[in-house]
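Reading the structure
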Amino acid sequence: HTIRAKEYGGYFFFSKLFEPWVEPLKKYFPQDWKQILCMAYMRLFHRSPIKNMPFHFEHSFFSEHFKDLAFSDKKIGGLINEIGQKQSNIEDYLKSFISLSHIALIDATAIFSQSKNIYEAKLGYNNKGQWDPQLNLLYLYDHQISMPLYYRLVQGDIKEIRTLDLTIKSAGLKNAIIVGDKGFTSELNIEVISQSELNYVLPLKRNSSMINYSDYSGNDKRKWTGYFKFKDRYIWYKSKEIEPGKR
């Protein structure tokens, strides 16, 4: 008999960690879920490029759990291309987690690329004043389980407000609270979120016309609505109605 030592601790930990995601993977990627799971493991535990994934797979207990699984670098490369074309499957998979969320954190970032092979890399202007070929990546996160709920990758020449509009509609968010940073605080963004009938929390920029700094001069705390604790500091705040039903 041949005795082979294989990595089991990482396999066991990963299998338990990813239990909530396995059944949705089976549902929306019935032919590919095993390879997807193994690829995620290789990236998480070994930060492995595609060419090294077969090596790590053979030395992992996954190769015993999924016997005869096709997992060559050529197979992985082709699979990634196939999965990328299954946008509806990806969206349905992500949407299966959205119903669990009541508060969604939203974040967008620009990814710069000079590649001629990436269609989405277009000349665009972002909120940092950079005019370069770029892609816009927008994520929705669940604040309780610390995982991405949804994402959308769009061309760099599409305005951020349009990206936000497409993402909210595509994700089908309902009964959620959108929490964003100052990059999302604009009249157009607020209008888009409001039209979706979602509640939202967005910070105001220091030069916002909604802020009357004369209301906060002096040390009289009676001018403030209240306070809350954040990172061992007490933050005083003022709440006022800017129009009916909106504070």
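The coordinates are above.
This is a predicted model, so every value here is computed, not measured.

1. With respect to the overall build of the chain
A count of helical and extended segments in the chain gives 9 helices and 8 strands. In the chain, of all internal contacts separated by at least 6 residues, the share reaching a separation of at least 24 is 52%. Surface accessibility of the chain: about 16600 Å² in total, with carbon and sulfur atoms responsible for 52%.

2. Concerning the packing of aromatic side chains
The tally for this structure, following the rule as stated, stands at 22 aromatic pairs. Between the aromatic rings of Y8 and F61, the centroid separation amounts to 5.0 Å while the plane-to-plane angle is 85°, which identifies the pairing as edge-to-face. One end of the pair, Y8, is in the segment before α1 (9-17); the other, F61, is in the loop between α4 (53-58) and α5 (62-65), with 53 residues separating them in the sequence. Residue class for Y8 comes out partly exposed when judged on its relative accessible area of 41%.

3. Re the nonpolar core
Within the largest apolar cluster, 43 residues are counted, with the highest numbers of intra-cluster contacts made by F29, L37, M39, F62, F71 and L140. When residues in this core are grouped by element, the largest group, 7 residues, is from helix α3 (residues 33-46). Here M39 is in contact with M53, F71, I76, L79, I80 and I83, once residues within four sequence places are set aside.

4. Quick notes on the side chain of S63
Relative to the helices and strands, S63 resides in helix α5. Here F57 takes part through its backbone oxygen, which lies 3.4 Å from a polar atom of the side chain of S63. Only 2.7 Å separates the side chain of S63 from the backbone oxygen of S60, close enough to count as a polar contact. If we skip the residues at most four places from it in the chain, S63 touches K6, F57 and E58.

5. A look at the layout of surface pockets
Volume-wise, the largest pocket comes out at about 1700 Å³. Lining the largest pocket are 40 residues, with L202, P203, L204, I211 and K238 sitting closest to its centre. At the level of secondary structure, the elements contributing two or more residues to the lining of the largest pocket comprise α9 (187-195), β6 (199-201), β7 (226-230) and β8 (233-237). Per-element tally for the lining of the largest pocket: the top contributor is β8, with 4 residues. Class assignment of the residues belonging to the lining of the largest pocket gives a composition of 20 nonpolar, 10 polar and 10 charged. Considering only enclosed or pocket space, the second largest pocket measures out at about 1300 Å³ in volume. What lines the second largest pocket is a set of 37 residues, among which I36, I90, Y93, L94 and Y151 lie closest to the centre. Going through the elements one at a time, α1, α2 (19-28), α3, α6 (73-84), α7 (87-98), β3 (131-142) and β4 (147-155) are the ones with two or more residues in the lining of the second largest pocket.

6. Here's the deal with the packing of α2 against α3
In the contact formed by α2 and α3, the axes pass within 9 Å of each other and the chain directions differ by 140°. In terms of axis orientation, α2 runs oblique to α3. For the pair α2 and α3, contact is made by V22, L25 and K26 and by W33, I36 and L37, respectively.

7. Description of the pairing of β8
Both β7 and β8 contribute to a ladder of 5 bridges, which runs antiparallel. The residue bridging F230 from the neighbouring strand is R233, located in β8. Between β7 and β8, which pair antiparallel in sequence order, lie 2 residues; one of them, K231, sits at a positive phi of approximately 50°.

8. Quick notes on the packing of α2 against α7
Any two packed helices are characterised by how steeply their axes cross, that is the angle between the axes, and by the distance between the axes. It is the contact of α2 with α7, at a shortest axis distance of 10 Å, that shows an interaxial angle of 145°. As α2 runs across α7, the sense of the crossing is right-handed. Between α2 and α7, the residues in contact are P20, W21, P24, L25 and Y28 and N89, D92, Y93, S96 and F97, respectively. Grouping the amino acids of the contact of α2 with α7 by side-chain chemistry returns 7 nonpolar, 2 polar and 1 charged.

Cut-offs and rules
Residues numbered from 1 in each chain as written. Predicted model: local features only at pLDDT ≥ 70, side-chain atom pairs only at ≥ 80, totals over all residues. Heavy atoms only, no water. Helix = DSSP H or I, 4+ residues; strand = E, 2+ residues; numbered from the N terminus. Contact = heavy atoms within 4.5 Å. Areas by Shrake-Rupley, 256 points an atom, 1.4 Å probe, with all protein chains shown as cover. Phe/Tyr/Trp six-rings, centres within 6.5 Å; stacked < 30°, edge-to-face > 60°. Buried < 20%, exposed > 50% of the residue type's maximum accessible area, 1.4 Å probe, protein only. Core = buried A, V, L, I, M, F, W, Y, C linked by side-chain atoms within 4.5 Å. Polar contact = N/O pair within 3.5 Å; in protein donor to acceptor, adjacent residues only side chain to side chain. 1 Å grid on protein atoms, 1.4 Å probe; cavity = no way out; pocket = protein on both sides within 12 Å on 5 of 7 lines; lining within 4 Å. Points joined across faces, edges and corners; volume = space filled by probe spheres on them. Nonpolar A, V, L, I, M, F, W, Y, C, P; charged D, E, K, R; others polar. Axes fitted to C-alpha atoms, helices over the stretch in contact; angles between N-to-C directions. Parallel < 35°, antiparallel > 145°, perpendicular 65-115°, else oblique. Pairing = 2+ DSSP bridges. Left-handed = near helix turned anticlockwise from the far one by under 90°.

These figures come from the coordinates and say nothing about function on their own.
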